[in-house]
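Overview (structure and organization)
Listed below are the residues making up each chain.
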Amino acid sequence: MNDVIAEIDKRGLIKDSYLIDGIRIEECRSIFLDWALFEDHEMPQPEKIKLLLWTYGNAAPEHPMTAVLQAALEAPEGEAKRRGGRQGRLG
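Bear in mind the structure is a predicted one, so any value in this text is a computation, not a measurement. (Residues numbered from 1 in each chain as written. Predicted model: local features only at pLDDT ≥ 70, side-chain atom pairs only at ≥ 80, totals over all residues. Heavy atoms only, no water.)

Helix and strand counts for the protein stand at six helices and zero strands. Going residue by residue from the N terminus, the α and β elements of the protein occur as α-α-α-α-α-α. Residues counted as buried form 30% of the 91 residues belonging to the protein. Across the protein, the fraction of contacts at a sequence separation of at least 24, relative to all contacts at a separation of at least 6, is 66%. Of the roughly 6,800 Å² of accessible surface on the protein, 52% is carried by carbon and sulfur atoms. (Helix = DSSP H or I, 4+ residues; strand = E, 2+ residues; numbered from the N terminus. Buried < 20%, exposed > 50% of the residue type's maximum accessible area, 1.4 Å probe, protein only. Contact = heavy atoms within 4.5 Å. Areas by Shrake-Rupley, 256 points an atom, 1.4 Å probe, with all protein chains shown as cover.)

Dropping the structure here:
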């Protein structure tokens, strides 16, 4: 299992976030975004997040990174709406 987590979190961003005393949720969001945008994996994103939660979140349920990972698994609220562009302005 450690090999899978090492592959999912190659730079150790998520792991290290759990080791930082007093880290705030804003910092965890930034770390998560960096991880999500720049880590390259074959596994679907939700599956990676579930494994990270299982590995780190179970031991630290009150940690801000756990909240960020849980939020990443939730479906976005509301409908997706078209924004911007000529058609958006003209209706």
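Next comes the rest of the write-up.
This next bit is on helix 5 (residues 64-73). Among the residues of helix 5, P64, M65, T66, V68 and L69 are the ones counted as buried. Elements that come into contact with the buried residues of helix 5 comprise helix 2 (13-19), helix 3 (25-38) and helix 4 (45-57).

Okay, the packing of aromatic side chains next. This model, assessed by the stated rule, comprises two aromatic pairs. On the basis of an interplanar angle of 35 degrees and a centroid distance of 5.6 Å, the ring pair of F32 and W35 is categorised as tilted. Linking F32 with W35, this pair stays in helix 3, spanning three residues, or about one helical turn. Residue class for W35 comes out buried when judged on its relative accessible area of 1%. (Phe/Tyr/Trp six-rings, centres within 6.5 Å; stacked < 30°, edge-to-face > 60°.)

Moving on to the side chain of S17. Structurally, the position occupied by S17 is in helix 2. Accessibility expressed as a relative area gives 0% for S17, which makes it buried. S17 has contacts with I23, I31, H63 and M65, leaving out every residue within four places of it along the chain.

Once that is clear, we can look at the packing of helix 4 against helix 5. Relative orientation of the contacting elements helix 4 and helix 5 amounts to 155 degrees, with a least axis distance of 10 Å. Classified by the interaxial angle, the pair formed by helix 4 and helix 5 is roughly antiparallel. When the axes of helix 4 and helix 5 are compared, the crossing they make is left-handed. Here P46, I49, K50, L52, L53 and G57 of helix 4 come into contact with helix 5, specifically with T66, L69, Q70, A72 and L73. Looking at side-chain class alone, the contact of helix 4 with helix 5 contains seven nonpolar, three polar and one charged residues. (Axes fitted to C-alpha atoms, helices over the stretch in contact; angles between N-to-C directions. Parallel < 35°, antiparallel > 145°, perpendicular 65-115°, else oblique. Left-handed = near helix turned anticlockwise from the far one by under 90°. Nonpolar A, V, L, I, M, F, W, Y, C, P; charged D, E, K, R; others polar.)

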